[in-house]
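Residue-level structure breakdown
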Amino acid sequence: MMSCLQSWPEPVVRVQSLAESGISSIPKRYIKPPSQRPSSSSHNYNNLNSADDDDISIPVIDLQDLFGTDESLREAALACLSNACSEWGFFQVVNHGVSHQLMNQVREMWRGFFELPLEVKQEYSNSPTTYEGYGSRLGVDKGAILDWSDYYFLNFMPPELRSPEKWPSLPPSCRNLIEEYGNEAIRLCGRLIKILSITLGLGEDYLQNAFGGDNIGACLRVNFYPKCPQPDLTLGLSPHSDPGGMTVLLPDENVAGLQVRRGDSWITVKPIPNSFIVNIGDQIKVLSNAIYKSVEHRVIVNSNKDRVSLAFFYNPKSDLLIEPANKLVTKARPALFPAMTFDEYRLYIRTKGICGNEQV
Ligand code: OGA
Ligand code: NI
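Fair warning: this is a prediction, and the values are worked out from it, not measured in the lab. (Residues numbered from 1 in each chain as written. Chains lettered and ligands numbered in written order. Predicted model: local features only at pLDDT ≥ 70, side-chain atom pairs only at ≥ 80, totals over all residues. Heavy atoms only, no water.)

**Some thoughts on the packing of aromatic side chains**
Under the definition given, this model contains 15 aromatic pairs. Ring centres of Phe113 and Phe114 lie 5.3 Å apart, and the angle between their planes is 80°; on these two criteria the pair is classed as edge-to-face. Neither Phe113 nor Phe114 differs from the other in exposure class; each is buried. Put simply, the rings of Trp110, Phe113, Phe114, Tyr124, Tyr134, Tyr152 and Phe224 touch in pairs and so form one group of aromatic residues. (Phe/Tyr/Trp six-rings, centres within 6.5 Å; stacked < 30°, edge-to-face > 60°. Buried < 20%, exposed > 50% of the residue type's maximum accessible area, 1.4 Å probe, protein only.)

**Some details on the coordination of the nickel ion (ligand 2)**
Within the protein, His240 (NE2), Asp242 (OD) and His297 (NE2) serve as the donor atoms for the nickel ion (ligand 2), at 2.1 to 2.2 Å. Taken in chain order, the donor set of the nickel ion (ligand 2) reads H-x1-D-x54-H. Like His240, the residue Asp242 is buried in the burial classification. (Donors = N, O, S within 2.8 Å, 3.2 Å for Na, K, Ca; no water.)

**A closer look at the confidence of the model for the protein**
Summarising the model, the protein shows a mean pLDDT of 92, and 91% of its residues fall at 70 or more. Every residue in residues 354-360 is under pLDDT 50, and counting partners more than four places away or in other chains gives 17 contacts. (pLDDT = per-residue confidence, 0-100. Contact = heavy atoms within 4.5 Å.)

**Notes on the side chain of Arg107**
Within the secondary structure layout, Arg107 lies in helix α6 (residues 100-115). Apart from residues lying up to four places away in sequence, Arg107 is in contact with Leu250, Pro251, Asp252, Glu253, Val308 and Leu310. (Helix = DSSP H or I, 4+ residues; strand = E, 2+ residues; numbered from the N terminus.)

**Quick word on the sheet that holds strand β11 (residues 297-299)**
Strand order in this open sheet of four strands is β6-β11-β8-β9, and the pairing throughout is antiparallel. Two strands lie at the open edges of the sheet, namely β6 (237-240) and β9 (265-268), each paired on one side alone. With direction set aside, neighbouring strand axes in the sheet form an average angle of 25°. Pairing analysis gives two bridges linking β6 to β11, with the strands arranged antiparallel. In the sheet register, Leu237 faces β11, and the bridge partner there is Val299. (Pairing = 2+ DSSP bridges. Axes fitted to C-alpha atoms, helices over the stretch in contact; angles between N-to-C directions.)

**Topic: the UniProt feature "domain: Fe2OG dioxygenase" (unreviewed entry) in the protein**
Taking the UniProt record as the reference, the feature "domain: Fe2OG dioxygenase" (unreviewed entry) is found at residues 215-316. The distance from the first to the last C-alpha atom of residues 215-316 is 8 Å, and the span holds 6% helix and 43% strand. (UniProt positions renumbered as here; feature names shortened; annotations may be inferred.)

**Some remarks on the packing of α6 against helix α8 (residues 174-199)**
Interhelical geometry of α6 versus α8 gives an angle of 135° and a closest axis separation of 10 Å. Considering the angle they form, α6 stands oblique to α8. Handedness of the crossing formed by α6 with α8: left-handed. Facing α6, whose interface residues are Leu102, Gln105, Val106, Met109 and Trp110, α8 presents Cys174, Leu177, Ile178, Glu180, Tyr181 and Glu184. Its residues placed into classes, the contact of α6 with α8 shows eight nonpolar, one polar and two charged. (Parallel < 35°, antiparallel > 145°, perpendicular 65-115°, else oblique. Left-handed = near helix turned anticlockwise from the far one by under 90°. Nonpolar A, V, L, I, M, F, W, Y, C, P; charged D, E, K, R; others polar.)

**Section: the packing of helix α5 (residues 71-88) against α8**
A packed helix pair is summarised by two numbers, namely the angle formed by the two axes and the spacing between the axes. Packing of α5 against α8 leaves a shortest axis separation of 10 Å and a crossing angle of 85°. If you check the angle between α5 and α8, you find them roughly perpendicular. Counted together, Arg74, Leu78, Leu81, Ser82 and Cys85 of α5 and Ile195, Leu196, Ile198 and Thr199 of α8 form the full contact between these two elements. Of the residues in the contact of α5 with α8, the class split is six nonpolar, two polar and one charged.

**A few points about unusual backbone geometry**
Of the consecutive residues Met157 and Pro158, the connecting peptide bond is found in the cis state with omega at 0°. Looking at the secondary structure, you find Pro158 in the loop between β4 (150-157) and α8. The linkage connecting Leu170 with the following residue, Pro171, adopts the cis geometry, with an omega of -10°. Tracing the backbone through its elements, the reader meets Pro171 in the loop between β4 and α8. Positive phi values are uncommon outside glycine, yet Asn95 reaches one of about 50°. Judged by relative accessible area, which is 38%, Asn95 ranks as partly exposed. The backbone of Asn289 sits at a positive phi, close to 55°, despite the residue not being glycine. Mapping Asn289 onto the fold places it in the loop between α10 (282-287) and β11.

**Here we look at the environment of Gly22**
Looking at the secondary structure, you find Gly22 in the loop between α1 (15-20) and α2 (45-48). Separated by 314 residues in sequence, Gly22 and Leu336 have C-alpha atoms that sit 50 Å apart.

**A closer look at the sheet that holds strand β5 (residues 217-225)**
Taking strand neighbours across the sheet as the criterion, the eight strands line up as β1-β2-β10-β7-β12-β5-β4-β3 in an open arrangement whose pairing is mixed. Looking at which strands have only one partner, the edges of the open sheet turn out to be β1 (60-62) and β3 (133-135). Within the sheet, the average angular offset between the axes of one strand and its neighbour, ignoring direction, is 25°. As paired elements, strand β7 (residues 246-250) and strand β12 (residues 307-315) share five bridges and run antiparallel to each other. Directly across from Leu249, in β12, lies its bridge partner Ala311. Where α5 meets the sheet, its contacts fall on β1, β2 (90-94) and β10 (276-280), and the angle it forms with β2 comes to roughly 145°. Against the sheet, α8 makes contact with β2, β4, β5, β7, β10 and β12, and its axis sits at roughly 55° relative to β12, the strand it touches most.

Okay, structure coming up:
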């Protein structure tokens, strides 16, 4: 199995190059089966009833309330967060303390990277051994139906996995900004995980300690979703849950695209300016014994705007056993998951993804 991880099974096609070539219909390998298309009937809730589409959205959490001194605001925010994690697996955060200027700078810097000439970007082409670098597919299944996106993936933590020479050297501010943004994202995740731990009744340090204290893992995937001439036939990113601990997404200010599963329907997230979209990953779901949900999501594309997003993944140290917290395991609710390290879990997911399953 390891040998099938060494290289891509087919020549890599950059979706951005395809989009810019001026084609009016997309190649077959991006066309999803009818049941998986954005507006397939079983997931058509939003389109059938556009009034509901406006009403329903993921919860919004104000971190100033959560960390402030007003007890009643704090209680309300804690309740809202707890409900968001158990019902939605997703929320947006405002007043999060990360500089809006930095958020805009880092997003526009990455947009600048994707605007570089193809041959410059190709120097950073990735392979399925580590995924680090510039990529256009997940999994090495020959003949697989692909998603309409390119991406850049890099490791940020632990420091020994960080290899700035694999980060773009252009635009010139790139490496510094990645580092500055990464540190801010880690700080934000550290604050959030404390609160999640409290709302689970575990004491504020439980989850962080289960993640390895200061020795957490973290990585960044920058997604680039080019304009698509036939957005109804494909997806920017297929449905998946995030395998890690928690994800902080910096969305595009101008274009929606992320959809969150809610029962049989897909809810489009409308990004609030200067906010982050946060979601629970599989590892927190395990630690919480499924009290908190790791919810499926996907990305749709459109015909008139490119979209850039930065997904920052905050993960447990990869060789620690992750299992449901004792306190959340009872006779009435036995442990729903076996103990497994994140390394083992990731291998399991990647193998499934690689050997014929559509899961990311
Ligand atoms: C991801 C992801 C959503 C988006 O990268 O895992 O879900 O809006 N991204 O790009
Ligand atoms: Ni995701």
